[in-house]
Amino acid sequence: SGSGIGRHFQQAQEDLLGKGELPLGPADQIMKATANIPGKHVQLYRRLQSKWQCYDAYTRVCMAIGINQMLLALTFYLINVTLIQYSSPSACYACIVVFQFTALALTYIDIAKLGHFTILTMQSLEMTAALIAATEANMADRDAKGNVPAADVKYYFSGVCFFLIAIWFEMILYVAWPSR
């Protein structure tokens, strides 16, 4: 059995490619035939490239909006967890700042051509909506156990949050419009 392991080790060390690794010639000779006339695959790629670029742009816009919305959803979820379940306002406001500044940084990366004022205006709408929601949840009356009774609480400014998010969506539509 010891010689079987040695034979297996020798087979693993054997060069099975043989002369198949040798190049076909110098690189300039190989590329000479394709230098003047591109192959059919290159022509096909160039024709199709103009068609997929619009899809590429569309997917980039969708990913930018999707990630931004995911960060906003996580922000509102963490408002619930930190304020309602754990009664920790400092953690809530820290999460809002961290997640919304992350969204701001990603917006700068994705659509940097908009300019600072437009990007800051767009992201301040989301951050303001989250801060309003957190402030209202923080100021809500609690029972003896620290729970917020759902039936008795009146959130006077919660409609403003929805309005700010709607304005944000309108700004995204304006920015992402194809003719601009």
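Residues numbered from 1 in each chain as written. Predicted model: local features only at pLDDT ≥ 70, side-chain atom pairs only at ≥ 80, totals over all residues. Heavy atoms only, no water.

**Observations regarding the overall build of the protein chain**
Part 1: Counting secondary structure elements, the protein chain contains six helices and zero strands.
Part 2: Relative to its full complement of 180 residues, the protein chain shows a buried share of 19%.
Part 3: When the accessible surface of the protein chain is totalled, it reaches about 13,500 Å², and 66% of it is carbon and sulfur. (Helix = DSSP H or I, 4+ residues; strand = E, 2+ residues; numbered from the N terminus. Buried < 20%, exposed > 50% of the residue type's maximum accessible area, 1.4 Å probe, protein only. Areas by Shrake-Rupley, 256 points an atom, 1.4 Å probe, with all protein chains shown as cover.)

**Some thoughts on the nonpolar core**
Note on soluble globular proteins: their nonpolar side chains tend to be buried together.
Part 1: Ile79, Leu83, Cys92, Ile96, Ala129, Ala134 and Trp168 are the most contacted members of the largest nonpolar core, which has 18 residues in total.
Part 2: Looking at this core, the elements with two or more residues in it are helix 3 (40-85), helix 4 (89-110), helix 5 (116-139) and helix 6 (158-176).
Part 3: The biggest single contributor to this core is helix 5, with eight residues. (Core = buried A, V, L, I, M, F, W, Y, C linked by side-chain atoms within 4.5 Å.)

**Points about the packing of aromatic side chains**
Part 1: Counted under the stated rule, the structure contains one aromatic pair.
Part 2: On the basis of an interplanar angle of 75° and a centroid distance of 5.1 Å, the ring pair of tryptophan 168 and phenylalanine 169 is categorised as edge-to-face.
Part 3: We classify tryptophan 168 as buried; its relative accessible area is 1%.
Part 4: For phenylalanine 169, a relative accessible area of 37% translates into the label partly exposed. (Phe/Tyr/Trp six-rings, centres within 6.5 Å; stacked < 30°, edge-to-face > 60°.)

**Brief notes about the side chain of glutamine 123**
Part 1: Looking at the secondary structure, you find glutamine 123 in helix 5.
Part 2: The buried category is assigned to glutamine 123, whose relative accessible area is 4%.
Part 3: At 3.0 Å, the side chain of glutamine 123 forms a polar contact with the side chain of asparagine 68.
Part 4: A polar side-chain atom of glutamine 123 sits 3.3 Å from a polar atom in the side chain of glutamate 126.
Part 5: If we skip the residues at most four places from it in the chain, glutamine 123 touches Asn68, Gln100, Ala103, Leu104, Thr107 and Trp168. (Polar contact = N/O pair within 3.5 Å; in protein donor to acceptor, adjacent residues only side chain to side chain. Contact = heavy atoms within 4.5 Å.)

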